[in-house]
Structure formats: structure tokens, C-alpha cells
Amino acid sequence: MGVDRKMDEKTGTLRKQRGRASVVFENPPLIMAAASTVGKKEGDGPLGVFFDRVELDPMLGKKSWEEAESELQSRTAGLVIEKSGLSKEEIRYSFAGDLLAQLIATSFGNINLEIPMFGLYGACSTMGEGLGLGAMCVEGGFADHVLVGASSHFASAEKQFRFPLEYGNQRPYSATWTVTGCGAVIVSSGDCQGKEAPLAKITAVTTGKIVDMDFHDSMNMGAAMAPAAVDTLLRYLEATGRDITHWDKVVTGDLGFEGGELFCALVERHKVTVRDRYADCGQLIYDREAQDVHAGGSGCGCAGTVLSAYFLPLLQSGELRRILFLATGAMMSPDSVKQGENIPAVAHLIELCGETCGGNGHD
């Protein structure tokens, strides 16, 4: 069954809204450039050759972990702007975020950019949230070019959410390893295509809703986030009328091995099989056998770097035609965990298509 392409009675144009939270773009925004910067552990992993930069110094020459993460954002933003061939002045807005309180990595890391900024907190789903908002902003005619980025740092995240590294605490096998990395892309209007072919086009988005399954284990983020990813995926399938076989890959942000298995099992309860086309950024970024990462990778930088460095080039080359990118996030804080609160989660879906799809990917 195809997409219900209803006309808006007031404007006489095709409606972009699908269901309660999905948008299908008539003029899909383009991802014109992508950049990724990671730490040494990520560089030593299976995807190490794909990242633009591997920083051997985890402090990036700074005095604190938080300053190091800000520098991570600053360097990656500068790199993606350089790769795009645009000037800073041509980029109208920045949509960026991190895991730290008050988004300090983003705020301090973006000072020298002097680009109007929307600071986002979607936990590990921030890259998806930024892509969705950036795409709607561009397709709506409010900007020609926007920057979208997200970062995390193992040490700054451990310090805030778990234990300072000096404690040397032991982690259960369900725990993931926060990625030290930053991914960034330039999203441009379909009317602004330059000399270089785009990496991909953003053809649709579904904004996630908060899903609370009364989960409390902060050392198993994958299990906390999996139900949110299931909810968003099912709502998108319902809104578009598509079968899951329409896409080459369904890619989650950082469910890891624990959450990824749960995601596949929960989706199967709704008679949807994703195992044959499923991938997870947290499972891909590390070598589970050779590296001490337990359940895989996590953090804003996990989905951001793997999407930017690995999946977007596959779309550009035509090796993949269509993917669903489901960025997942656990919406907790250090205080909420200490107070015994549940760990609600969210998942934002971005449909990405290569140039071989033609049109808006839904024709």
C-alpha cells in the first residue's frame, strides 16, 4: 500500500503531515556534508577507518573532560563547514546538543562559530532530534543551510551520570560504553544543491513520544530505550502504509546488544520482522570481543558519528537506497535516578534515501 497523498483543502497542495507525528517532505532536504571526530578507543574499533579524525589525546589539550568535549564539538563543526564549501555566514542555524547539564559542551563549543543556535537535549537521541528539526526548518523555507551536530565523551558522561573514573567502579555486562565522539552534518534546501552530489536526502521524519515502561536500571540503557524505538517505528509504518521490506536497513542509535535484541523481539510481537535488515550504531562502533565495552556503545556521539561516517556514504554510493534511522534516548538525569524515578525514553525516526530513490522517496 502506498502513502495516502491527501490534498490540503485550504492551500490546494499535498499535505506533508502523516498520522499524529510524521512528516513526509515534498521537497526533501539534502545532507550535503558530514564530519566525524572520535577518540582512540573508537578509532581502534571496526569503523576506525571511516572516521574523519581520531583524537589520541582524550583531553584534546584541555584542562577538564567538559572542556575536551566542547573542543570535540568545535573541531567537528569546523570540519563539516569546511567540507561543505560554505562559509559560516551562509549557515543560518545550528541544531546541536550533548549529554551534559545545561548543554555546556555545546554552548562553549559553539561560541566561536557565531551561528544562531538551538541547543537540544534528547539524550542519546539528539542527532535524530536535530535532523528532524533541521529538515523541517529547511524544507519550510526558514533556512537554506543548517548545521546539525551531537557529541558525547566517555569521561564527562561517566562523571555526571555514573561514577568519576577515579572510583574504578565495576560495570555490569548490560552497561554500555559512552562513545567519545562528535558527528555533524550540513542540511540544505533541495533548491541549493551544489557541485557535489548530496550524501542523502531526508524524505520523512517521525517525532518520538515519551515512553515510560516503569524501568529503573540505569546500567541497562538499551532495555530502557527499546520500547520507545518500537513505538516510533510502528507509528511510522502505520502513518505511511509501508511494509518494513521497503527499507534496506533499520538502524537504531545505541540500543547495543541488550537493547537491540529486545527491540527485535518486541517488534516481532506486532508481526513485523526487522532482524534481516537491522543494525545498531552501538553494536557496530566497537569490537565486543576485543574491546571492553560490554553491551556496546552509547551516547549522543555514537549515533552521530556512525551515521556521519558509515551510513551516509553507503547511501551516497548507492550500496544502500533507503534506511530508517531511529535515534534513541533515555530521558533521565542524575537527580531523577537518585530519587528512584523511572527512566522514560524517546526515539526519533529519520528516513534517509540515496539519489537512486528519485523524487521524495514516497512517489
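Residues numbered from 1 in each chain as written. Predicted model: local features only at pLDDT ≥ 70, side-chain atom pairs only at ≥ 80, totals over all residues. Heavy atoms only, no water.

A closer look at the overall build of the protein chain
Looking only at helices and strands, the protein chain has ten helices and 15 strands in total. Its C-alpha radius of gyration of 19 Å places the protein chain within 12% of the 21 Å reference for a compact globule of 363 residues. Its C-alpha atoms give the protein chain principal-axis dimensions of roughly 60 × 50 × 35 Å. The proportion of buried residues among the 363 residues of the protein chain is 60%. If you take every contact in the protein chain between residues at least 6 apart in sequence, the share linking residues at least 24 apart comes to 77%. Here the protein chain has roughly 15,100 Å² of accessible surface; of this, 50% comes from carbon and sulfur atoms. (Helix = DSSP H or I, 4+ residues; strand = E, 2+ residues; numbered from the N terminus. Rg over C-alpha atoms; globule rule 2.2 N^0.38 Å. Buried < 20%, exposed > 50% of the residue type's maximum accessible area, 1.4 Å probe, protein only. Contact = heavy atoms within 4.5 Å. Areas by Shrake-Rupley, 256 points an atom, 1.4 Å probe, with all protein chains shown as cover.)

Points about the confidence of the model for the protein chain
With 90% of its residues at a pLDDT of 70 or more, the protein chain shows a mean pLDDT of 90. In the model, residues 1-5 has pLDDT below 50 throughout and makes 16 contacts with residues more than four positions away in sequence or in other chains. (pLDDT = per-residue confidence, 0-100.)

Description of the pattern of salt bridges
Counted under the stated rule, the structure contains eleven salt bridges. Notably, a salt bridge pairs Glu 55 with Arg 75, separated by 3.0 Å at the nearest N-O pair. Of this pair, Glu 55 sits in strand S4 (residues 53-55) while Arg 75 sits in helix H2 (residues 65-84), and the two are 20 residues apart along the sequence. With a relative accessible area of 16%, Glu 55 lands in the buried category. (Salt bridge = Lys/Arg side-chain N within 4 Å of Asp/Glu carboxyl O.)

With respect to the packing of aromatic side chains
Applying the stated rule across the entire model yields seven aromatic pairs. Centre to centre, the rings of Phe 154 and Trp 177 are 3.9 Å apart; their planes meet at 0°, and the pair counts as stacked. Note that Phe 154 is positioned in helix H5 (residues 154-161) and Trp 177 in strand S8 (residues 177-178), a separation of 23 residues in sequence. The burial state of Phe 154 is the same as that of Trp 177; both residues are buried. Judged by centre distance (5.0 Å) and plane angle (75°), the rings of Tyr 310 and Phe 311 are edge-to-face. The rings of Phe 50, Tyr 310 and Phe 311 are connected pair by pair, giving a single aromatic cluster. We note Lys 41 situated over the ring of Trp 177; from NZ or CZ to the ring centre the distance is 4.2 Å. Sitting over the ring of Phe 257, Arg 288 keeps its end group 4.2 Å from the ring centre. (Phe/Tyr/Trp six-rings, centres within 6.5 Å; stacked < 30°, edge-to-face > 60°. Lys NZ or Arg CZ within 6 Å of the ring centre and 35° of its normal.)

Brief notes about the side chain of Thr 126
Inspection of the secondary structure puts Thr 126 in helix H4 (residues 126-139). Setting aside its immediate chain neighbours within four residues, Thr 126 contacts Gly 97, Leu 120, Tyr 121, Ala 150 and Cys 300.

Re the pairing of strand S7 (residues 145-152)
Most of S7 is tucked away, with eight of its eight residues classed as buried. Burial along S7 is two-sided: His 145, Leu 147, Gly 149 and Ser 151 and Val 146, Val 148, Ala 150 and Ser 152, pointing in opposite directions, are all buried. Relative to S7, strand S5 (residues 93-97) runs parallel, the two sharing five bridges. Pairing of Phe 95 across the sheet is with Val 148, part of S7. Taken together, the eight bridges between S7 and strand S9 (residues 181-188) define a ladder with antiparallel strand orientation. The partner of Ser 151 across the bridge, within S9, is Cys 182. (Pairing = 2+ DSSP bridges.)

Comments concerning the packing of H2 against H5
Taken N-terminus to C-terminus, the directions of H2 and H5 make an angle of 135°; their axes are 8 Å apart at the nearest point. Comparing the axis directions of H2 and H5 gives the class oblique. When the axes of H2 and H5 are compared, the crossing they make is left-handed. In this structure, H2 uses Trp 65, Glu 66 and Glu 69 to contact H5, whose residues at the interface are Ala 155, Ser 156 and Lys 159. Residues of the contact of H2 with H5, tallied by class, amount to two nonpolar, one polar and three charged. (Axes fitted to C-alpha atoms, helices over the stretch in contact; angles between N-to-C directions. Parallel < 35°, antiparallel > 145°, perpendicular 65-115°, else oblique. Left-handed = near helix turned anticlockwise from the far one by under 90°. Nonpolar A, V, L, I, M, F, W, Y, C, P; charged D, E, K, R; others polar.)

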